[in-house]
Amino acid sequence: MSADHSAVASLDSTRLPVGLNVDRYITSVNKSYTERYDEFKKEDSGLFATNMNSEARWALYTFKDGEKSTKQVTYYIFNTENRHLYILSCNAIPEKFDSNRDIFDSIARSISKL
């Protein structure tokens, strides 16, 4: 039996230096993605509710890595007290993305409680 790798979630974190806000960080990430991936496109974005000590945004991207098409939602969850930014990237092949979106949102909501 082979593993189903049609959806993947990964978590990274960093401490933002004073003077660098979340919006500027996301702008720099998007620039990096544009240079790295073919047909990179930001499809949608928005805010989502978190606890009182954090702010959170999400962005939906599509891109190609060689011949492989990917749809990705990235959640940027920023703890305003300690300036810690959690970056949750959830990828799926386009045909499987919508069926996994609720799972991705649930993971992001659990991280926002940190």
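Quick note: structure is the one above.
All values derive from a computational prediction rather than experimental measurement.

With that settled, the discussion passes to the layout of surface pockets. Considering only enclosed or pocket space, the largest pocket measures out at about 190 Å³ in volume. Phe63, Asp65, Lys68, Thr70 and Asn91 are, among the 13 residues lining the largest pocket, the residues nearest its centre. Those elements giving two or more residues to the lining of the largest pocket turn out to be strand S3 (54–65), strand S4 (68–79) and strand S5 (84–92). Here the element with the most residues in the lining of the largest pocket is S4; it accounts for three residues.

Note on helix geometry: an α-helix contains 3.6 residues per turn, so any two residues three or four positions apart are oriented the same way. With 18 residues, helix H2 (residues 94–111) ought to run about 26 Å at 1.5 Å a step, and its terminal C-alpha atoms sit 24 Å apart, in line with that. Buried within H2 are the following residues: Phe97, Asn100, Arg101, Phe104, Ala108 and Ile111. Close packing links the buried residues of H2 with strand S1 (7–15), S3, S4 and S5.

For the rest of this paragraph, the subject is the nonpolar core. Of all hydrophobic cores here, the largest spans 15 residues; its most connected members are Phe48, Val73, Tyr75, Ile77 and Phe104. Ranked by size, the runner-up nonpolar core spans 14 residues in total, among them Leu16, Val22, Ala59 and Ile87.

Let us now look at the sheet that holds S1. Within the open sheet, the five strands sit side by side as S1-S5-S4-S3-S2. Their pairing is antiparallel. Each edge of the open sheet is held by one strand with a lone partner, namely S1 and strand S2 (38–47). In this sheet, neighbouring strand axes are inclined to one another by 20° on average, regardless of whether the strands run parallel or antiparallel. As paired strands, S1 and S5 are joined by nine bridges and run antiparallel to one another.

About the criteria used
Residues numbered from 1 in each chain as written. Predicted model: local features only at pLDDT ≥ 70, side-chain atom pairs only at ≥ 80, totals over all residues. Heavy atoms only, no water. 1 Å grid on protein atoms, 1.4 Å probe; cavity = no way out; pocket = protein on both sides within 12 Å on 5 of 7 lines; lining within 4 Å. Points joined across faces, edges and corners; volume = space filled by probe spheres on them. Helix = DSSP H or I, 4+ residues; strand = E, 2+ residues; numbered from the N terminus. Expected span 1.5 Å × (residues − 1). Buried < 20%, exposed > 50% of the residue type's maximum accessible area, 1.4 Å probe, protein only. Contact = heavy atoms within 4.5 Å. Core = buried A, V, L, I, M, F, W, Y, C linked by side-chain atoms within 4.5 Å. Pairing = 2+ DSSP bridges. Axes fitted to C-alpha atoms, helices over the stretch in contact; angles between N-to-C directions.

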